[in-house]
Amino acid sequence: MPRIPVRFLPAACTLAVAAAVIPLGPPAPAAADSIIVGGKPVAVADSPWAVALSSRDRFGGTRAGQFCGGVAIAPTKVLTAAHCLREDVLGAAVPEVADLRIIAGRDELDGPGGQEIPVRSTWVNPGYDPRTNAGDLAVLTLDQALPEGSAIPMAGAGSPAYEPGTSATVYGWGDTTGYGAYASRLRAASVRVLADSDCVRAYPGGTQGAYDASSMLCAGDNAGGRDACQGDSGGPLVARGRLVGLVSWGSGCGSPESPGVYTRVSAAIRWMADNS
Ligand code: 4AZ
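The following paragraphs examine the structure supplied in this document. What you see is a predicted model, and the numbers here were worked out from it, not measured in a lab. Per chain, residues are indexed from 1 in the order of the written sequence. Totals for whole chains, interfaces and linings use every residue, but because this is a predicted model, local features are given only for residues with pLDDT of at least 70 and side-chain atom pairs only at 80 or more, for both listing and counting. Derived side-chain values reflect all non-hydrogen atoms in the structure, with water molecules and hydrogen atoms excluded from consideration.

The next subject is the pairing of strand S5 (residues 101-104). Pairing of strand S2 (residues 50-54) with S5 involves three bridges; the strand directions are antiparallel. Bridge pairing links Ser54 to Arg101 in S5. Here, strands pair whenever DSSP counts at least two bridges between them. Strands are runs of DSSP state E lasting at least 2 residues, helices are runs of H or I lasting at least 4, and numbering of each runs from the N terminus. As paired elements, S5 and strand S6 (residues 115-124) share four bridges and run antiparallel to each other. By the bridge assignment for S6, Ile103 is matched with Glu116.

Our focus in this paragraph is the state of the cysteines. Any cysteine sulfur atom paired with another within 2.5 Å is treated as part of a disulfide. Counted under the stated rule, the structure contains three disulfides. In this model, Cys199 is linked to Cys218 through a disulfide, with the two sulfur atoms separated by 2.1 Å. With the S-S bond torsion at 80°, the cross-link from Cys199 to Cys218 turns out right-handed. Taken together, the residues span a long stretch of sequence, with Cys199 in helix H4 (residues 196-202) and Cys218 in strand S10 (residues 216-220) at a distance of 19 residues.

For an α-helix, 3.6 residues make a turn, and residues three or four places apart therefore share a direction. Residue burial is assigned from relative accessible area. The probe radius is 1.4 Å, only protein chains are included, and a residue is buried under 20% of its type maximum, exposed over 50%, and partly exposed in between. Along helix H5 (residues 265-274), the residues classified as buried are Val265, Ser266, Ala267, Ala268, Trp271 and Met272. In this analysis, two residues are considered to be in contact whenever any of their non-hydrogen atoms come within 4.5 Å of each other. Where H5 is buried, its residues touch strand S3 (66-74), strand S4 (77-80), S6, strand S7 (138-142), strand S12 (242-249) and strand S13 (260-264).

Let's shift gears to the nonpolar core. It is characteristic of soluble globular proteins that their nonpolar side chains tend to be buried jointly. Buried Ala, Val, Leu, Ile, Met, Phe, Trp, Tyr and Cys residues form a nonpolar core when they are joined through side-chain atoms within 4.5 Å. Formed by 65 residues in total, the largest nonpolar core has its most connected members in Ile102, Val170 and Leu237. Residue contributions to this core peak at five residues, all from H5. In this structure, Ile102 is in contact with Val51, Ala52, Leu53, Val78, Gln115, Glu116, Ile117, Val119, Leu140, Leu142 and Leu146, ignoring residues within four places of it in sequence. Counting residues in each nonpolar core, the second largest holds 10 residues, with Leu194, Cys199, Tyr203 and Tyr211 among its members.

As structure tokens, this is what we get:
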């Protein structure tokens, strides 16, 4: 079966909306053997910086309108993927999405507990290129502060957390199967930071997409089976207790020859500094 670069498919979010309107057949399986894919449920109390992005207006009431992930780097600052805020994902321009919120501290999306905090303003990296996915970063400023201890430190350039082979964990409420089975509890999967050459080989350009080591980070599981998937976008990749990546794109989910591609957080630090 041809593998379709996920970034050329409608994002999870769009799929969720489309599914509500047009009965779709099962989405093209990302990878039949992959099943966050290959992860396990985790307690948000142990990863309080992992937040869900939600809009019930745009994505419906089930799973509290979750459509992407995010990660708190300060009490009122959440990083996510720029592509999560695209008009073709939201079905409207960001300012028209009146109920854009983050959900923090809640284990079960449909359950009680935790907090829903409105997004006061959004900043999309002006260097984001929707064609190549380079610069896939947005910053959300929250209306209220998250509880103390909710932010995760970011790994700066040169941190050992970026060394290939480092074990890392990716978190999200996204598809657990590649078939559109969205999680209602936060899940995490163990992957490794991979060499840039692994992603250059997998994504040389053309239909598979192009990996750019200056703005992207390669991570996955050599054996396949553990990966981020649709709906996890914008969520955290953590290594050595620091944020190293944001879920961005990839071809399918969990296939050994197609690692996950993440926004490189050391580059994100630079983009934020350049624009502050
Ligand atoms: C997505 O569409 C997505 N396997 C994110 C990450 C990956 C695939 C898809 C990586 O949100």
